[in-house]
Amino acid sequence: MNNMSNTKKSRNKDDWKHARNEFSQTVGKSVNLLMESHGYSRDRAIDLVLREIGGPSLVTDEAALNKLKQQYRLAHQPAARALIVSTAFEQIAKPLARRNDDSHVESVYQLIKTLEKATF
């Protein structure tokens with residue numbers, strides 16, 4: 001039984017790595033598309049991708065933003081970007097967590113689908 005549990009943990013870890021890599025590649029492709037097709041600066045392209053991920057609300061929790069900045073010693077903009085992605089991820093993951101153990105992986109793929117459907 002313990003061996004089966006270890007195998008599942010290893011598979012979940014590999015799935016998580018793959019999902020993270022695919023998410024990073026999708027974000028990169030989206031940013032590059034906006035820069036090349038529309039002539040946007042990198043910062044403007046990143047902001048548009050984040051708006052697609054996080055919706056219209058973006059960062060509203062200043063306390064969480066300040067905590068993140070202090071905890072990881074980040075400047076304002078990188079901390080805000082990380083918080084947007086994290087919040088979007090959590091909003092998707094919560095309902096999925098009730099259904100399965102792979103909710104974190106499924107959440108990343110939901111964000112990928114959101115970006116792939118985007119009409120920038």
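Calculation criteria
- Residues numbered from 1 in each chain as written.
- Predicted model: local features only at pLDDT ≥ 70, side-chain atom pairs only at ≥ 80, totals over all residues.
- Heavy atoms only, no water.
- Helix = DSSP H or I, 4+ residues; strand = E, 2+ residues; numbered from the N terminus.
- Expected span 1.5 Å × (residues − 1).
- Buried < 20%, exposed > 50% of the residue type's maximum accessible area, 1.4 Å probe, protein only.
- Axes fitted to C-alpha atoms, helices over the stretch in contact; angles between N-to-C directions.
- Left-handed = near helix turned anticlockwise from the far one by under 90°.
- Contact = heavy atoms within 4.5 Å.
- Nonpolar A, V, L, I, M, F, W, Y, C, P; charged D, E, K, R; others polar.
- pLDDT = per-residue confidence, 0-100.
- Salt bridge = Lys/Arg side-chain N within 4 Å of Asp/Glu carboxyl O.
- Parallel < 35°, antiparallel > 145°, perpendicular 65-115°, else oblique.
- Polar contact = N/O pair within 3.5 Å; in protein donor to acceptor, adjacent residues only side chain to side chain.

Q: Explanation requested: helix α5 (residues 103-117) in the structure shown.
A: Note on helix geometry: an α-helix contains 3.6 residues per turn, so any two residues three or four positions apart are oriented the same way. In this model α5 runs 21 Å from its N-terminal to its C-terminal C-alpha over 15 residues, within 8% of the 21 Å that 1.5 Å per residue would give. Buried residues of α5: Ser-103, Val-105, Ser-107, Val-108, Leu-111, Ile-112 and Leu-115, and no others.

Q: Before we go on, may I ask you to explain helix α2 (residues 42-54) in this structure?
A: Helix length check: α2 (13 residues) gives 18 Å between terminal C-alpha atoms against 18 Å at 1.5 Å per residue, within 8%. Buried within α2 are the following residues: Ala-45, Ile-46, Leu-48, Val-49, Leu-50, Ile-53 and Gly-54. With its phi angle positive at about 80°, Gly-55 sits one or two positions after the end of α2.

Q: Where do I start with the packing of helix α3 (residues 62-72) against helix α4 (residues 76-97) in this structure?
A: What describes two packed helices is the angle between their axes and the distance between those same axes. For the pair α3 and α4, interaxial distance at closest approach is 9 Å and the crossing angle is 115°. Relative to α4, α3 is oriented so that their crossing is right-handed. Packed against α3, whose contacting residues are Ala-64, Leu-65, Leu-68 and Lys-69, the element α4 presents His-76, Ala-79, Ala-80, Ala-82 and Leu-83 at the interface. Tallied by class, the residues present in the contact of α3 with α4 amount to 7 nonpolar, 1 polar and 1 charged.

Q: Would you explain the confidence of the model for the chain in this entry?
A: For residues with low pLDDT, the predicted coordinates do not support detailed interpretation. Of all residues in the chain, 88% have pLDDT values of 70 or greater, and the mean over the chain is 86. Least confident of the elements in the chain is helix α1 (residues 2-38), whose mean pLDDT is 83; most confident is α3, at 94.

Q: Please explain the pattern of salt bridges as it appears in this structure.
A: When charged atoms on two side chains of opposite charge get close, those side chains can pair. According to the stated counting rule, one finds 2 salt bridges in the structure shown. Between Asp-43 and Arg-81 there is a salt bridge, with the nearest N and O atoms lying 3.3 Å from each other. Residue Asp-43 is located in helix α2, and its partner Arg-81 is located in helix α4; the two are separated by 38 residues in the primary sequence. Judged by relative accessible area, Arg-81 falls into the buried class, the value being 19%. Overlapping salt bridges, with partners in common, bring together Asp-43, Asp-47 and Arg-81 in one network.

Q: What is the right way to look at the packing of α4 against α5 in this model?
A: In the contact formed by α4 and α5, the axes pass within 8 Å of each other and the chain directions differ by 130°. The angle between α4 and α5 falls in the class oblique. Two packed elements cross with a definite hand, and for α4 against α5 that hand is right-handed. Packed against α4, whose contacting residues are Ala-88, Phe-89, Ile-92, Ala-93, Leu-96 and Ala-97, the element α5 presents Ser-103, His-104, Glu-106, Ser-107, Val-108, Gln-110 and Leu-111 at the interface. Tallied by class, the residues present in the contact of α4 with α5 amount to 8 nonpolar, 4 polar and 1 charged.

Q: Quick question: what am I supposed to make of the side chain of Ser-107 here?
A: Counting through the fold element by element, Ser-107 comes out in helix α5. Overall, Ser-107 belongs to the buried group, its relative accessible area being 0%. Separated by 2.7 Å, the side chain of Ser-107 and the backbone oxygen of Ser-103 make a polar contact. With near-sequence residues (within four places) excluded, Ser-107 lies in contact with Phe-89, Ile-92, Ala-93 and Leu-96.

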